[in-house]
Amino acid sequence: MSIPVVEHKPIDDSVLFDAKRIVFLSSDSCMIGSISRIVLCDDRIYLLDTQTDAVWIYDMQGNHIGHIRAVGRAANEYINLMDFFVDRESKQIILYADPSKFLFYDYNLKPTRVMKAPALFYETVNSGEQIVCFNARTADPECCISVLAEKNGDPLKIKTSVPLAQQDYSDVFVSGRQLTKSKRINFSKRFDNSIYSVENGSVTLRYTIDFGKANLPDGLLQKKLQLQEFIDKVASKGYIYSIVNLKENDSHIYFNTSSPGLYRLSKTAFTVQHIPEITDSESGIRHSMMIATEDKNNEWICFCKNMMELKNEVDLDKGQQKNNPFVQKVNSCNESDNPVLFFYHLK
């Protein structure tokens, strides 16, 4: 189904959300680099930080509980952390890292086992007893989507693979995740306006988004332009070349693209709203790019702001802001302090 995009003006947060939670991340015992995935589970916030190669863990008030960071070359260590997920049923935290392996931890952050992966992947989520993996950077298209299965404690094996078309310009990426889990396991490919899902080991094309004049022309990829030429052409024309951070509940799918703003697909009206900017009604802070967020009931989306951005946006000269607790808190922080998470409850 092809769905058109409807342009919208910037809006107030109350139009989309009915509740919110602001979490200040303390910086006394950790320094967060770059958050690329969030999992909410059992009153904990798990943050994937691929810049420091760590999973940071907080309570819902923003207090640091602990972290997992096992950088090294031993069997139970890794060189680069790629992704992670939380298995709610077995109460385990599973990291996927380079060299290609899965590292299992219990809720007390104690390592329990290591399992070698059968191929090199980039992103991963869990689905019951299976693990779904996606690698947008692979040179082998048959490894793009793989469903892994474990049997009787044997090493993980590829149960099924789905070949996808080869993608050029491997260095052209949007900040965000292409494989996410909410109401379904959804994923997207670069240079493709479609939303796919993975169910029972098979891939289904669900929606194709019509971005109008921002659609990436088919012929542009076939011209074999030099990388910088391609990037300049896309930027000058405002072409959209990737969908990321898919979040689905019963009524909508939310996502970001290579163009700033939040996109909201209605599964009943079959339209997509493009919201260039969302303003937080209490603080005046503006949001556009989500962090890929997973929670049990698919109720929350999250935006992240570093402290330097926040200090630039809040304005104590405005009379209404002087007594705002949030603004006062931001102004009491240092620019080097950890970021702030804005969680919004979907209507």
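Anyway, here's the lowdown on the structure attached to this text. Please read these numbers as outputs of a predicted model, since none were measured by experiment. Throughout, a residue's number is its position along its own chain's written sequence, starting from 1. Totals for whole chains, interfaces and linings use all residues, but because this is a predicted model, local features are given only for residues with pLDDT of at least 70 and pairs of side-chain atoms are given and counted only at 80 or more. Hydrogen atoms and water are omitted, and side-chain values are computed over all heavy atoms in the structure.

Comments concerning unusual backbone geometry
- Here D98 and P99 are connected by a cis peptide whose omega angle stands at 5 degrees.
- In this text, helices come from DSSP runs of H or I with a minimum length of four residues, and strands from runs of E with a minimum of two, each type numbered from the N-terminal end. Note that P99 resides in the loop between β9 (92-98) and β10 (101-106).
- Unusually for a residue other than glycine, L109 sits at a positive phi of about 70 degrees.
- Tracing the backbone through its elements, the reader meets L109 in the loop between β10 and β11 (111-116).
- By relative accessible area, L109 is classed as partly exposed at 21%.
- Unusually for a residue other than glycine, F270 sits at a positive phi of about 55 degrees.
- Its place among the elements puts F270 in the loop between β22 (262-266) and β23 (272-275). Per-residue accessibility, obtained with a 1.4 Å probe over protein chains only, is compared with the maximum for each type, and a residue is labelled buried under 20%, exposed over 50%, and partly exposed between these values.

Some words on the packing of aromatic side chains
- Two rings from Phe, Tyr or Trp (for Trp, the six-membered ring) form a pair when their centres are within 6.5 Å of each other. A pair whose planes differ by under 30 degrees is stacked, one over 60 is edge-to-face, and the rest are tilted. Tallying each qualifying case throughout the model produces 12 aromatic pairs.
- Between Y96 and F102 the ring centres are 5.0 Å apart and the planes differ by 50 degrees, which places this aromatic pair in the tilted class. Of the two residues, Y96 and F102, neither departs from the other in class, the shared state being buried.
- Among the aromatic side chains, those forming a connected cluster through ring pairs are F17, F303 and Y344.
- Note on geometry: a ring has a charge over it if NZ (lysine) or CZ (arginine) is within 6 Å of the ring centre and within 35 degrees of the ring normal. The ring of F104 is capped by R113, whose NZ or CZ atom sits 4.0 Å from the centre of that ring.
- One cation-aromatic arrangement involves R177 over Y122; the distance from NZ or CZ to the ring centre is 5.7 Å.

Thoughts on the sheet that holds strand β24 (residues 278-279)
- Two strands are said to pair when DSSP picks up at least two bridges between them. Spatially, β2-β24-β25 is the arrangement adopted by the 3 strands of the open sheet, whose pairing is mixed. Here the strands that pair on one side only, and so sit at the sheet edges, are β2 (11-12) and β25 (286-287).

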